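For reference, the chains in residue letters:
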Number of protein chains: 2
Amino acid sequence: MTIAVPTVLTTSRKQVEPALRAAVGELDDHTRRVCEYHFGWVHADGTPDGRTGKALRPALVFLAARAIAEDGPGTVRAAAAVELVHNFSLLHDDLMDDDTSRRHRPTAWTVFGRPAALLAGDALLALGTNVLVDEPIAHTAESVRILSSATGGLIVGQAADLGFEWRHDVGLAECLRMVEGKTAALLGCACALGALTAGGDAATVSRLHAFGRELGMAFQLVDDVLGLWGDPATTGKPVLSDLRARKKTAPVVHALTSGTAAGERLRGLYQDPEPLIGSRAELAADLVRQAGSRDWAETECERRLTAAYAHLHTGGRTGPAVDALTELAEFIVRRQW
Amino acid sequence: MTIAVPTVLTTSRKQVEPALRAAVGELDDHTRRVCEYHFGWVHADGTPDGRTGKALRPALVFLAARAIAEDGPGTVRAAAAVELVHNFSLLHDDLMDDDTSRRHRPTAWTVFGRPAALLAGDALLALGTNVLVDEPIAHTAESVRILSSATGGLIVGQAADLGFEWRHDVGLAECLRMVEGKTAALLGCACALGALTAGGDAATVSRLHAFGRELGMAFQLVDDVLGLWGDPATTGKPVLSDLRARKKTAPVVHALTSGTAAGERLRGLYQDPEPLIGSRAELAADLVRQAGSRDWAETECERRLTAAYAHLHTGGRTGPAVDALTELAEFIVRRQW
């Protein structure tokens, strides 16, 4: 049996959403509204909206579980926990980065104000732990440990990302460590929790964890490439917003440290206080390409994907869920959003 | 043996601080600096500062543990967890409330900027869970459950507190529920975790939890009274800052709903867009007193203290740690800071 990848994203969303809605439903009215808006379930006025996110992390939890055995109630809770923590980080990142648009809509803080969005993020982080512990399940403490470690990674990654904005000497290695924290840690956590809640032993959980981390690196490299050369109408992000914010994404850092003429011109643009918008932003994106950094990012992405597969297939593991994880990984890397 | 109360605050601080410093030491350099500044360990430039907070919550954890048996490594971690979560809430509350001063110093966000302070708060919340799970201890899942529930209470309480600022119809019952979340939940959690980590059974943990919650209500009522009539040089809070921010503290809400002439005049001041500062703030504080709400707060505080003692002494429990908890409770209620 082969599971078509967009299908697993949709079915995972449907499978996790009741648990997400139940968790968010525990909040006070106002904080709940902010969260429901952020998730795309309602408009700002509280009327239902039919939007859905990518549900990538829940899909990884479910597929990792099925790669071991069967998913069960613990798996659903783990999927909800990972998605809650992911959305905590989105809400707070938007605040820290002053981002005004996400998923084709105004960000929550622009609609509800900064205090309410900050508190909603806190609430989602707290709920992420809470859904893991509010009913006794096997491996609760270990689940919390894995989630807590990923949350720490998110925070360290975001701290590095914030710090990079003011630095002109960011190296590629530390940039990749930032990506490991900010993106790879939670995708690794998703796969590890899936495996753990399906009864996987320590070695299996660790292997799936490593698969998810490598996939997370590939995922972020694709994201960075789409942020520079993707179609904003498809990605839902404002045009060249990473450049406008002078983000030190991996392709940009690769270009800045490439020793090429294009890289040096890019450095000039990044250090110039003039706003990096319009034709200047387009030039910057093209300089990243000229420095060979788009090619580098795409090659590095493939390398990470190969590494991910190596972890996935260790011990000759096969079956429909392993196939589905592979298809999902391919879909992630080939996506246009 | 009797433990002098100020001593237990000092010894608890010393006992918990290595665990706190170790947890904060795991963070990236910048986030660690923000946290170290917030805790009072360093000045803004990173040079050592000798300040210490009240260490009330760690003291409750240790004394609750000793009231059952002995404190051990799990108790130290629980004390650190509670203090980390408390300081998460302080960092974020200062951001949400735009407060510029805490513990006689500029708040962290005014020194390091909003994004860094937001992230430092996130980091402390994540570390709070992490210190409970990073080494296997007995009752880990139950400890996380108790802490997570208190964190949820903090968030619900803060949401109510924020919402109250824009409402003119806040009732006393919902105001007291706000206090239950914002203050009492974590003091209850501290006592419950102390009892749990010392091996207390479910009934004992629940009893200590109830003791801590009632004590928390008394603690906040004292805080509110000190915010209106305390000496800012002693409390470390700017003069009448609660009134300036039109906070709906319990004494204020009691006055507003008292049906007295003073209460109605206070309502006029609270609804008037004119800044509530200087002589207008002093008048507002006096109107709260004239409405009988200072007396009410002091009586309610005593009632909560009596209820706390009833939980503490259920089953005829005695001993030096029970005496010390009683002394600490008395100290909390009689304090001037």
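All of the points below concern the structure found in this document. (Residues numbered from 1 in each chain as written. Chains lettered and ligands numbered in written order. Predicted model: local features only at pLDDT ≥ 70, side-chain atom pairs only at ≥ 80, totals over all residues. Heavy atoms only, no water.)

The helix and strand tally for chain A stands at 16 helices and 2 strands. What you see for chain A is a C-alpha radius of gyration of 20 Å, in line with the 20 Å of a compact globule of 337 residues. By its C-alpha atoms, chain A is 55 × 50 × 30 Å across when sized along the principal axes. In the form shown here, chain A has an accessible surface area of approximately 12600 Å², with 54% of it arising from carbon and sulfur atoms. Charge-centre separation for chain A: the mean point of 35 positive side chains lies 1 Å from the mean point of 42 negative side chains. (Helix = DSSP H or I, 4+ residues; strand = E, 2+ residues; numbered from the N terminus. Rg over C-alpha atoms; globule rule 2.2 N^0.38 Å. Areas by Shrake-Rupley, 256 points an atom, 1.4 Å probe, with all protein chains shown as cover. Lys, Arg positive; Asp, Glu negative; His and termini not counted. Charge placed at Lys NZ, Arg CZ, Asp CG, Glu CD.)

Further remarks concern helix H13 (residues 261-271) of chain B. Residue and element names in this part refer to chain B. Those residues of H13 not exposed but buried are Ala 262, Gly 263, Leu 266, Leu 269 and Tyr 270. Down the axis of H13, the sector holding all buried residues measures 115°, keeping them to one side. In the core, the buried residues of H13 are packed alongside helix H11 (241-244), helix H12 (250-256) and helix H14 (278-290). (Buried < 20%, exposed > 50% of the residue type's maximum accessible area, 1.4 Å probe, protein only. Arc of directions from axis to C-beta. Contact = heavy atoms within 4.5 Å.)

Turning next to helix H3 (residues 56-68) of chain A. An ideal rise of 1.5 Å per residue puts 18 Å on 13 residues; H3(A) measures up with 19 Å between its terminal C-alpha atoms. Every buried residue of H3(A) is listed here: A:Leu56, A:Arg57, A:Pro58, A:Ala59, A:Leu60, A:Val61, A:Phe62, A:Leu63, A:Ala64, A:Ala65 and A:Ala67. (Expected span 1.5 Å × (residues − 1).)

To continue, consider the environment of A:Ala55. All names here are of chain A. Tracing the chain through its elements places Ala 55 in the loop between helix H2 (29-39) and H3. Judged by relative accessible area, which is 3%, Ala 55 ranks as buried. The residues contacting Ala 55, other than those within four sequence positions of it, are Leu 9, Ser 12, Arg 13 and Glu 83.

Take the packing of helix H4 (residues 73-97) of chain B against helix H8 (residues 172-197) of chain B next. Between two packed helices, the angle of one axis relative to the other and the distance separating the axes together describe the packing. Residues and elements named next belong to chain B. Where H4 contacts H8, the two axes come as close as 8 Å, and the packing angle between them is 165°. Relative to H8, the element H4 lies roughly antiparallel. Like other packed secondary-structure pairs, H4 and H8 cross with a definite hand, here right-handed. Across from Gly 74, Thr 75, Ala 78, Val 82, Val 85, His 86 and Asp 93 in H4, the residues of H8 making contact are Lys 182, Leu 186, Cys 189, Ala 190, Leu 193 and Thr 197. Here the residues of the contact of H4 with H8 are counted per class, giving 7 nonpolar, 4 polar and 2 charged. (Axes fitted to C-alpha atoms, helices over the stretch in contact; angles between N-to-C directions. Parallel < 35°, antiparallel > 145°, perpendicular 65-115°, else oblique. Left-handed = near helix turned anticlockwise from the far one by under 90°. Nonpolar A, V, L, I, M, F, W, Y, C, P; charged D, E, K, R; others polar.)

In this section: empty space enclosed by the protein. Counting across every chain of the model gives 3 cavities of 30 Å³ or more. One number sums up the size of the largest cavity: a volume of about 150 Å³. What lines the largest cavity is a set of 15 residues, and nearest its centre among them are A:Leu125, A:Thr129, B:Leu125, B:Ala126 and B:Thr129. Every element with two or more residues in the lining of the largest cavity is listed here: helix H6 (114-133) and helix H7 (140-164) of chain A together with helix H6 (114-133) and helix H7 (140-164) of chain B. Residue composition of the lining of the largest cavity, grouped by class: 9 nonpolar, 6 polar and no charged. What the second largest cavity holds in volume is close to 70 Å³. Around the second largest cavity, the lining residues are A:Leu119, A:Asp122, B:Phe88, B:Ser89, B:His92, B:Asp93, B:Met96, B:Leu154, B:Ile155, B:Gln158 and B:Lys182. Of all the elements in the fold, those that place two or more residues in the lining of the second largest cavity are H6 of chain A together with H4 and H7 of chain B. Among the elements that take part in the lining of the second largest cavity, H4(B) stands out by supplying 5 residues, more than any other. Each residue belonging to the lining of the second largest cavity can be placed in one class, and the counts come to 5 nonpolar, 3 polar and 3 charged. (1 Å grid on protein atoms, 1.4 Å probe; cavity = no way out; pocket = protein on both sides within 12 Å on 5 of 7 lines; lining within 4 Å. Points joined across faces, edges and corners; volume = space filled by probe spheres on them.)

Here we take up the packing of aromatic side chains. All names here are of chain A. The final tally for this structure, using the stated rule, is 4 aromatic pairs over all chains. Pairing Phe 39 with Trp 41 gives two aromatic rings, centres 4.7 Å apart and planes at 10°, and the pair type is stacked. Positioned above the aromatic ring of Trp 41, the side-chain terminus of Arg 21 is 4.4 Å from the ring centre. The lysine or arginine in question, Arg 114, covers the ring of Trp 109, its NZ or CZ lying 4.1 Å from the ring centre. (Phe/Tyr/Trp six-rings, centres within 6.5 Å; stacked < 30°, edge-to-face > 60°. Lys NZ or Arg CZ within 6 Å of the ring centre and 35° of its normal.)

Following the criterion strictly, the structure yields 50 salt bridges over all chains and no others. Note that A:Glu300 is salt-bridged to A:Arg303, the shortest N-O span being 2.9 Å. Here A:Glu300 and its partner A:Arg303 are both found in helix H15 (residues 293-313), 3 residues apart, which amounts to about one turn of the helix. Note that B:Glu142 and B:Arg145 form a salt bridge whose closest N and O atoms lie 2.5 Å from each other. Residue B:Glu142 and its partner B:Arg145 are located together in helix H7, separated by 3 residues, close to a single helical turn. Residue class for B:Arg145 comes out partly exposed when judged on its relative accessible area of 22%. The network of salt bridges with common partners includes A:Asp93, A:Asp97, A:Asp161, A:Glu165, A:Lys182 and A:Lys247. (Salt bridge = Lys/Arg side-chain N within 4 Å of Asp/Glu carboxyl O.)

Residues and elements named next belong to chain A. Relative to the assigned elements, Leu 256 resides in helix H12 (residues 250-256). The exposure class of Leu 256 is buried, given its relative accessible area of 9%. In the structure, Leu 256 is positioned 86 residues away from Val 170 in sequence and 8.7 Å away in space, judged by C-alpha atoms. Those residues within four positions of Leu 256 in sequence are excluded, and the remaining contacts are Lys 248, Gly 263, Glu 264, Leu 266 and Arg 267.

Limitation: the analysis is restricted to geometry and does not speak to function.
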